[in-house]
Amino acid sequence: MALLRPLFASDWPTRLDIRAVSSRPTPKSEDIQQQIIRETFHLVSKRDENVCNFLEGGLLIGGSDNKLIYRHYATLYFVFCVDSSESELGILDLIQVFVETLDKCFENVCELDLIFHVDKVHNILAEMVMGGMVLETNMNEIVTQIDAQNKLEKSEAGLAGAPARAVSAVKNMNLPEIPRNINIGDISIKVPNLPSFK
């Protein structure tokens, strides 16, 4: 069973989006990650459109113990590196579900969506795969979970902005003076001496 781990690079050799899958998820330095990305790009980009989407991994990726499985959509490449025991067709199906889910979440996904919303892409991938195990392949379930997460993030963003909105509202009230006692029903609150809001 392969362990999935996304690898992203800040400067791509060309337009390329890579999701690397490794059977040995050891931390690698940024230089080695960049070399892996370049090697993967060269292996995948040289291939003709009419050949299969599986090829043996390069030296940095693990040689013949690992396989690169990829799909090319318009300007994007989605590449998984898996160990030799993984099903090529299963990984191709996983890539298809991943791309369709991205397309649903971003409405016609493009390279810029992946660049500017890397966190959302990671969340989508994390809904599908965790600890090297494929958890979910039902696109509707994945989209439902991502939508719930987006709603939660929006509600938290609203709470985070509440203090600033409250201060702004008080500033705009044009009170002649700061109230010293606030009475709300049975509750009486004495306000300490505060500096002016203006």
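All of these numbers come straight from a predicted model, not from anything done at the bench. (Residues numbered from 1 in each chain as written. Predicted model: local features only at pLDDT ≥ 70, side-chain atom pairs only at ≥ 80, totals over all residues. Heavy atoms only, no water.)

Novice: Requested: an account of the pairing of strand β8 (residues 181–184), with residues and values cited.
Specialist: In this structure, β8 lies alongside strand β9 (residues 187–190), joined through four bridges in antiparallel fashion. When the bridges of β9 are listed, I184 appears paired with I187. Hairpin geometry of β8 and β9 is characterised by an intervening segment of two residues between the two adjacent antiparallel strands and by a positive phi of about 60° at G185. (Pairing = 2+ DSSP bridges. Helix = DSSP H or I, 4+ residues; strand = E, 2+ residues; numbered from the N terminus.)

Novice: Go over the packing of aromatic side chains with me, naming the residues and quoting the values.
Specialist: Any two aromatic rings considered together are summarised by their centre-to-centre distance and by the angle between their planes. The tally for this structure, following the rule as stated, stands at two aromatic pairs. Seen from their ring centres, Y73 and F78 are 5.9 Å apart, and the 75° between their planes marks the pair as edge-to-face. Ring centres of F78 and F98 lie 5.9 Å apart, and the angle between their planes is 85°; on these two criteria the pair is classed as edge-to-face. In this pair, F78 is assigned in strand β5 (residues 76–83) and F98 in helix α2 (residues 88–106), connecting sequence segments 20 residues apart. Here the two residues F78 and F98 agree in accessibility, since each one is buried. Through a chain of ring-to-ring contacts, the aromatic side chains of Y73, F78 and F98 assemble into a single cluster. The ring centre of F106 lies 5.0 Å from the NZ or CZ of K120, which sits over that ring. (Phe/Tyr/Trp six-rings, centres within 6.5 Å; stacked < 30°, edge-to-face > 60°. Buried < 20%, exposed > 50% of the residue type's maximum accessible area, 1.4 Å probe, protein only. Lys NZ or Arg CZ within 6 Å of the ring centre and 35° of its normal.)

Novice: So what's going on with the environment of L43? Which residues, and what values?
Specialist: As for its placement among the helices and strands, L43 is situated in helix α1 (residues 30–45). Residues L43 and E56, 13 residues apart in the sequence, show an inter-C-alpha distance of 9.1 Å.

Novice: Tell me about the pattern of salt bridges, and please be specific about residues and values.
Specialist: Any two side chains of opposite charge can pair, given that their charged atoms come close. A complete count under the given rule lists one salt bridge for this structure. Here E88 makes a salt bridge to K67, at a shortest N to O gap of 2.8 Å. On the criterion of sequence distance, the pair formed by E88 in helix α2 and K67 in strand β4 (residues 66–73) is long-range, its members being 21 residues apart. E88 gets classed as partly exposed once you look at its relative accessible area, which sits at 25%. You can call K67 buried: its relative accessible area is 12%. (Salt bridge = Lys/Arg side-chain N within 4 Å of Asp/Glu carboxyl O.)

Novice: Which residues make up a nonpolar patch on the surface, and what values go with them?
Specialist: There is a patch of nonpolar side chains on the surface, built from I182, I184, I187 and I189 and spanning about 350 Å² of accessible area. Those elements that place two or more of their residues in the nonpolar patch are β8 and β9. Tracing the chain through its elements places I184 in strand β8. (Patch = residues over 30% accessible without salt bridge, like charges linked within 9 Å, V, L, I, M, F, W, Y side chains within 5 Å. Areas by Shrake-Rupley, 256 points an atom, 1.4 Å probe, with all protein chains shown as cover.)

Novice: Hey, could you go over the environment of L89 for me, with residue numbers and the actual values?
Specialist: On the secondary structure map, L89 appears in helix α2. Residues L89 and I69 lie 20 residues apart in sequence; the distance between their C-alpha atoms is 9.1 Å.

Novice: Account for α1, with residues named and values stated.
Specialist: The end-to-end C-alpha distance of α1 is 22 Å, a good match for the 22 Å that 16 residues give at a rise of 1.5 Å each. Among the residues of α1, those classed as buried are Q34, I36, I37, E39, T40, F41 and V44. (Expected span 1.5 Å × (residues − 1).)

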